[in-house]
Amino acid sequence: MSENTFALDFRTRRRLGYELIDVINEYFESLPDRNVQFPVEKRAFEPLRDAMPETGVLDDASRLESRSSDRLTAWLRDTSEELIDKGFHLGSANYFGLMNPTPTYAGVLAETLVAALNPQLATTARSQLASKIEAETIRWIGERFGWQQPFDGSFTSGGNEANFSAIAFALSQHFPGVAENGVASIGAQPAVYASAEAHHSLDKSVGLLGLGRKALRRIPVDRNVQLDLSALEQAIADDRAAGKRPFCVVATAGTTNSGIIDDISGIAGLCRREGLWLHLDGAYGAAVTFSDTHRHLVNGIERCDSVTVDPHKWLAMPFAAGVVLTRHPDMMQAAFGVTTPYMPKPLAGIPLDNFKVSAQWTRRMNSLKLWLTLQMHGRKAYEGYIDSQMQLAREFAERAEHSGVFALAAPQVLPILNLRLKHSGSGDELEKAHVELVNRVTEDGRRWISETHVAGESVIRIMIVSYLTERSHLEDLQRALLEAAAIIERKATPVESTSILGEKVDLESQAKTATQTPETCTPAST
Ligand SMILES: Cc1ncc(COP(=O)(O)O)c(C=O)c1O
C-alpha cells in the first residue's frame, strides 16, 4: 500500500469496494421494511465540532501493517453504517413524501461507474460514447412524447436547471439576440405565464434570466386545480394592452402539491393562436409517457415546444438527473452557445459540443443510470411500475373517501393524494388539525407524509413514490391516519365524536373497517 497518496493498490481497492457493495446490498434488502427516520425524540442536528483530519485512517492502518486491510474495511463499514443508522431514508417503502424515489440498483451501479470513469461531457470529442448514450437516451424520451425529428435536449442537474434552460430557449426564440444584448434590448417587459400551483423553480428562472420575478404571471387555478384557461387568455390580453411582451406559457404535468396535469392541449391551442412558446414542466408527470396505458394523461405533450422531465423523480433514478428537451434545437445554441480559445476545435462529423447547448460547462454523465436501467429492465418495467402505482393510488383514494373521516381535497390524477380532515373546519383551524395529524403519523419515524397548501387551503399530502411500496404499506399508513384522526376529533369533541352532518361517529371502529382491503379491488401488480 502506498503512503501519503491517493493511489491505492489492487488488493486494497478490491477489499474496500467489496465491503461497500455488501453494505449497499444489505441496505437495499432493508428498504421494504425500513423506518424513514428516528422517532421524534431521537432526532437531532448535531453541532459541528469535528476538526478536519490531518492524517487519515489509511496512515494509521499502514503503521499496523498486518491488520491494515481489516482496519480499513472496518472503518468503511462503520462510517457507512453510521450514515445509514442516522439517515433519513427517502428510499424506504414507507416514504410517502416528495418526489424522491427509491433508486434502481442499476442506477446505483451506474453512478459508481460514472464516478470511476468521470467522463467530461462538456465536449463531444472527449466523451464520445458518453455523449452518444446521452443523445440516445434523450431521443428515446422524446419519442415517448410522440415527437418527430428534429428535436434535441440535454441532461441537467434537475428540474430547476431544465426549466431555466427551457425559458432561456423561449426567450431566444422570441427575442433573437437577447443572449448577447440583454433583456434591456427588448425595450419592454417580457412576460411568462404559469398556474398558481406551478413550481417555484420558475420564479428563480425568470429572476436569473434577468426578467425579474414579477415577469412570471401566476394564473389562478380552476376547481380541478388546473391552470384556468380563460384567466390565462385574459392575463395575456391585459399584459399586451399594458405594453408587456408575453412570450411563454408553462403548463405543468404533475404539480408538486397535487400531481395535477394542466389541460395541455387547451393551452397548446391558445399558445398557437397567441404565438407563444409552450413549455411543459413535466419534471414528475411527463414520465407517465413510459406507460402505454397512461400516456393519454399528458395528451398534448407532442405539441409542446419544450419539456422538462426529471428521471430522478418518477423514473427512479438516484440524484441527479433532469432532462430538458425541445423541438427547436437551434434555440439551445442561441441560448447557451459560446466560444473559447482553449477548447479543442470541433471536428468534422462530430456533433456540436455539449457546452454550447447547456447552461453547464463541466458536466457529469447523468444519463448512464437511466440508459443502464432501461438496458437491464426495459421500458415495459416502467410501465408495470407506473400502472401499479396508479392502481394503488386509486384504491387509496377510494378507501380514504369511504372512511367518513377524510375527503379528497384535489382530484387524484397521478399517485399523489391530497386529503382533508372532514370534520375539522377550515382555514387556520383545519391547518392546525392537519399539522397535528401529520406530526402524529410521522412521530415514531416509521413513515413520512406532509402538510401543504393547495389553492390556499391546507391539505395532507401523500405520495406513492417508491417502487417498493405495496398495498400493505398503504394499509399501515391508513391505520395510522385514522388513529391520529380519532385522537384529534376526540380532543375537539371530548364526549363523543360528531361528524359535520351531526351523526355520531365511532372513529375507532371506522379505523378498523376502513383499513380492510375492499374485496372488490383488483390486486395491483407490485
Ligand atoms: C413540478 C416540478 N418542477 C420542477 C421541480 C424542480 O426539480 P429539481 O428539484 O429536480 O430541481 C420540481 C421539484 O420537485 C417539481 O415538483
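Please read all numbers here as calculations on a predicted model, not as lab measurements.

K.L.:
Just to check I follow, could you spell out the site of the ligand for this structure?
P.N.:
In the region of the ligand, 15 residues are neighbours, and Gly158, Gly159, Asn160, His199 and Ala283 sit closest. The greatest single-element share of the shell around the ligand, amounting to 3 residues, is contributed by helix 6 (residues 159-174).

K.L.:
Even after reading the chapter, I still don't get the sheet that holds strand 10 (residues 450-454), so can you show me in this structure?
P.N.:
Backbone-to-backbone hydrogen bonds pair the strands of a sheet. The strands run either parallel or antiparallel. On the basis of which strands lie adjacent, the open sheet formed by 4 strands has the order 8-9-11-10 and antiparallel pairing. Edge positions in the open sheet fall to strand 8 (406-408) and strand 10, since each of these has one partner strand only. Going across the sheet, the axis of each strand differs from the next one's by a mean of 45 degrees, ignoring polarity. As judged from the 4 bridges shared by strand 9 (residues 416-421) and strand 11 (residues 457-463), these two strands associate in the antiparallel manner. Within the sheet, the bridge partner assigned to Ile416 lies in strand 11 and is Met463. Sheet strands in contact with helix 13 (residues 379-402) are strand 8 and strand 9, and its direction is about 130 degrees off that of strand 8. Of the strands in this sheet, strand 9, strand 10 and strand 11 are in contact with helix 14 (residues 427-442), which crosses strand 11 at around 25 degrees.

K.L.:
Before we go on, may I ask you to explain helix 4 (residues 105-117) in this structure?
P.N.:
Residues separated by three or four positions in an α-helix point in the same direction, a consequence of the helix having 3.6 residues per turn. With 13 residues, helix 4 extends 19 Å between its outermost C-alpha atoms, agreeing within 8% with the 18 Å of an ideal straight helix rising 1.5 Å per residue. Every buried residue of helix 4 is accounted for by Ala106, Gly107, Ala110 and Glu111. An end-on view of helix 4 places all buried positions within 140 degrees of arc, on one side of the element. In helix 4, the exposed residues that point more than 90 degrees away from the buried face are Ala115 and Ala116. Once helix 4 finishes, Asn118 follows within two positions and takes phi at roughly 50 degrees, a positive value.

K.L.:
Just checking my understanding: could you explain the domain arrangement of the protein for this structure?
P.N.:
Interface size, as often reported, equals the accessible area lost upon joining of the parts. The domains assigned to the protein are domain 1 (10-89), domain 2 (147-341) and domain 3 (380-514). Just the C-alpha atoms count here: the centres of domain 2 and domain 3 sit 32 Å apart. Domain 2 puts 19 residues into the contact, and the matching count from domain 3 is 17 residues.

Procedures and definitions
- Residues numbered from 1 in each chain as written.
- Predicted model: local features only at pLDDT ≥ 70, side-chain atom pairs only at ≥ 80, totals over all residues.
- Near = placed C-beta within 6 Å.
- Helix = DSSP H or I, 4+ residues; strand = E, 2+ residues; numbered from the N terminus.
- Pairing = 2+ DSSP bridges.
- Axes fitted to C-alpha atoms, helices over the stretch in contact; angles between N-to-C directions.
- Contact = placed C-beta atoms within 7 Å.
- Expected span 1.5 Å × (residues − 1).
- Buried ≥ 20, exposed ≤ 12 C-beta atoms within 10 Å, placed from the backbone.
- Arc of directions from axis to C-beta.
- Domains from an automatic or database assignment.

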